[in-house]
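# Reading the structure
One-letter residues, chain by chain:
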Amino acid sequence: MDWVETLLRKSCEKTLTKGEVLHSLFHMIEVNENTLNQIQSDKRDFGPELEELRKTEIKDIDFHIKYYRGLVNFINSLNEAKIPQ
């Protein structure tokens with residue numbers, strides 16, 4: 001997780017740029033989409049208790065993907081003059 005350490009180090013040194021924040025969000029979207037695809041493509045039968053947990057996990061990951069995409073849209077809408085590049 002070198003990218004996490006890099007972001008944490010930069011956040012201590014200075015404010016992250018718009019590009020750095022967007023890069024991090026795109027990475028999180030990609031990780032969550034990959035995880036979601038793995039969970040959804042696994043067709044093993046784990047029984048009703050674990051199936052309920054699987055459905056909850058799918059809902060949670062889907063929420064996070066939508067949240068990260070919303071943040072991307074918000075950040076992209078910010079006035080360039082008011083944020084560091």
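Residues numbered from 1 in each chain as written. Predicted model: local features only at pLDDT ≥ 70, side-chain atom pairs only at ≥ 80, totals over all residues. Heavy atoms only, no water.

It is worth spelling out the overall build of the protein chain at this point. Secondary structure summary: the protein chain contains three helices and zero strands in total. Reading the secondary structure of the protein chain in the N-to-C direction produces α-α-α. Residue burial in the protein chain is summarised as follows: out of 85 residues, 20% are buried. For the protein chain, the share of sequence-separated contacts (at least 6 apart) that also reach a separation of at least 24 residues comes to 71%. Total accessible area computed for the protein chain in this model is approximately 6500 Å², and 57% of it derives from carbon and sulfur atoms. (Helix = DSSP H or I, 4+ residues; strand = E, 2+ residues; numbered from the N terminus. Buried < 20%, exposed > 50% of the residue type's maximum accessible area, 1.4 Å probe, protein only. Contact = heavy atoms within 4.5 Å. Areas by Shrake-Rupley, 256 points an atom, 1.4 Å probe, with all protein chains shown as cover.)

A word on the pattern of salt bridges. Scanning the model with the defined rule gives four salt bridges in all. For glutamate 33, the salt bridge identified is with arginine 69, shortest N-O distance 2.1 Å. With glutamate 33 in helix H2 (residues 18-41) and arginine 69 in helix H3 (residues 48-77), this pair connects stretches of sequence that are 36 residues apart. The class for glutamate 33 is partly exposed, based on a relative accessible area of 27%. (Salt bridge = Lys/Arg side-chain N within 4 Å of Asp/Glu carboxyl O.)

Fine structural detail should not be taken from predicted coordinates in areas where pLDDT scores are low. Mean pLDDT over the protein chain stands at 84; residues scoring 70 or higher make up 82%. Mean pLDDT values for the elements of the protein chain range from 69 in helix H1 (residues 2-13) up to 93 in H2. (pLDDT = per-residue confidence, 0-100.)

All right, on to the environment of histidine 23 then. By the element assignment, histidine 23 lies in helix H2. You can call histidine 23 exposed: its relative accessible area is 60%. The sequence separation of histidine 23 and valine 72 amounts to 49 residues, and the corresponding C-alpha distance is 9.5 Å.

Moving on to H2. Helix length check: H2, at 24 residues, gives a terminal C-alpha distance of 34 Å against a target of 34 Å (1.5 Å per residue), a fit within 8%. Buried within H2 are the following residues: Lys18, Glu20, Leu22, Ser24, Leu25, Ile29, Asn32 and Leu36. (Expected span 1.5 Å × (residues − 1).)

Throughout the structure, instances matching the rule amount to two aromatic pairs. Site record: aromatic cluster; members linked through ring pairs are Phe63, Tyr67 and Tyr68. (Phe/Tyr/Trp six-rings, centres within 6.5 Å; stacked < 30°, edge-to-face > 60°.)

Among the surface-exposed residues, Phe46, Leu50 and Leu53 lie close enough to one another that they form a single nonpolar patch of about 290 Å² accessible area. In this fold, leucine 53 is placed in helix H3. A relative accessible area of 52% places leucine 53 in the exposed class. (Patch = residues over 30% accessible without salt bridge, like charges linked within 9 Å, V, L, I, M, F, W, Y side chains within 5 Å.)

A few words now on the nonpolar core. Counting six residues, the largest nonpolar core consists of Leu22, Leu25, Ile29, Tyr68, Val72 and Ile75. Elements with a contribution of two residues or more to this core: H2 and H3. Among all residues touching isoleucine 75, those that are not within four sequence positions of it are Lys18, Val21, Leu22 and Leu25. (Core = buried A, V, L, I, M, F, W, Y, C linked by side-chain atoms within 4.5 Å.)

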